[in-house]
Amino acid sequence: MDLETQARFLKMAEEEPEMTCANTPIKILEAASAEAEPTPFMEEYFAIGHGAWLAVKHGRRISLPQNLMDRAILILWNRACLLDTDRLLGQTNPDTDKPFFSDEGLY
């Protein structure tokens, strides 16, 4: 993914923290599932999106300890991989209507 596309997705994560799993761009799902672990870009993408989602949920910016943000990044990356697998298999994922950047109920 080129730098311009990455910048666009990072901006989207900041501006659309309540995006549902069903509305997640396919390029993001493909990028997540293309690697055995989150890339630096995917880490930044999930950190920005999760931080913005927490701000919406709590009505203010929340600064998580790094270990909690790292856990959220991994669980959201895993969700993205599962969403991509279900997309490829033509299956409906049970998280379809949930906010993509929310980690609630995923642990």
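Preceding this paragraph is the structure being described.
Thresholds, definitions, all that
- Residues numbered from 1 in each chain as written.
- Predicted model: local features only at pLDDT ≥ 70, side-chain atom pairs only at ≥ 80, totals over all residues.
- Heavy atoms only, no water.
- Helix = DSSP H or I, 4+ residues; strand = E, 2+ residues; numbered from the N terminus.
- Rg over C-alpha atoms; globule rule 2.2 N^0.38 Å.
- Buried < 20%, exposed > 50% of the residue type's maximum accessible area, 1.4 Å probe, protein only.
- Phe/Tyr/Trp six-rings, centres within 6.5 Å; stacked < 30°, edge-to-face > 60°.
- Core = buried A, V, L, I, M, F, W, Y, C linked by side-chain atoms within 4.5 Å.
- Contact = heavy atoms within 4.5 Å.
- Expected span 1.5 Å × (residues − 1).
- Axes fitted to C-alpha atoms, helices over the stretch in contact; angles between N-to-C directions.
- Parallel < 35°, antiparallel > 145°, perpendicular 65-115°, else oblique.
- Left-handed = near helix turned anticlockwise from the far one by under 90°.
- Nonpolar A, V, L, I, M, F, W, Y, C, P; charged D, E, K, R; others polar.
- Arc of directions from axis to C-beta.

1. Topic: the overall build of the protein
Counting its secondary structure elements, the protein contains 4 helices and 0 strands. For the protein, the succession of helices and strands along the chain, N to C, is α-α-α-α. Taken over the C-alpha trace, the protein has a radius of gyration of 13 Å; the compact-globule value for 107 residues is 13 Å, and the two agree within 12%. Its C-alpha atoms put the protein at 40 × 30 × 25 Å along the principal axes. A total of 107 residues make up the protein; the buried ones form 41% of that total.

2. Overview of the packing of aromatic side chains
As enumerated under the stated definition, the model contains 5 aromatic pairs in all. Aromatic pair Phe 41 and Tyr 45: ring centres 6.0 Å apart, planes at 35°, arrangement tilted. You can see Phe 41 and its partner Tyr 45 sitting in helix H3 (residues 40-58), 4 residues apart, about one turn around the helix. When the ring of Phe 46 is compared with that of Phe 100, the centres are 5.8 Å apart and the planes differ by 45°; the resulting orientation is tilted.

3. Regarding the nonpolar core
Ile 28, Phe 41, Met 42, Tyr 45, Phe 46, Phe 100 and Phe 101 are the most contacted members of the largest nonpolar core, which has 25 residues in total. Breaking this core down by element, the ones donating at least two residues are helix H1 (3-15), helix H2 (26-33), H3 and helix H4 (66-89). Broken down by element, this core gets its largest block of residues, 8 residues, from H4. When neighbours within four sequence positions are excluded, Phe 46 is seen to be in contact with Ile 73, Leu 76, Trp 77, Ala 80, Phe 100 and Phe 101.

4. Notes on H3
Between its first and last C-alpha atoms H3 spans 27 Å; for 19 residues at 1.5 Å apiece the expected length is 27 Å, and the two agree. In the core, the buried residues of H3 are packed alongside H1, H2 and H4.

5. Considerations on the packing of H2 against H3
One can describe the packing of H2 onto H3 by two numbers: an axis separation of 10 Å at closest approach and a directional angle of 130°. With respect to H3, the element H2 is oriented oblique. The interaxial crossing formed by H2 with H3 has left-handed handedness. Of H3, the residues touching H2 (which contributes Ile 28, Ala 31 and Ala 32) are Phe 41, Met 42 and Tyr 45. A class-by-class count of the residues in the contact of H2 with H3 yields 6 nonpolar, no polar and no charged.

6. Brief notes about H1
For H1, built from 13 residues, the straight-helix expectation of 18 Å at 1.5 Å per residue is met to within 8% by its first-to-last C-alpha distance of 18 Å. Among the residues of H1, those classed as buried are Thr 5, Phe 9, Leu 10, Met 12 and Ala 13. Within H1, the buried residues cover an arc of 160° as seen down the axis, which keeps them to one side. In H1, the exposed positions that point more than 90 degrees away from the buried face belong to Leu 3, Glu 4 and Glu 15. Those residues of H1 that are buried lie in contact with H2 and H3.

7. Structural notes on the environment of Val 56
Mapping Val 56 onto the fold places it in helix H3. A relative accessible area of 41% places Val 56 in the partly exposed class. Apart from residues lying up to four places away in sequence, Val 56 is in contact with Pro 17 and Glu 18.

Shape is all these values report; function is a separate question.
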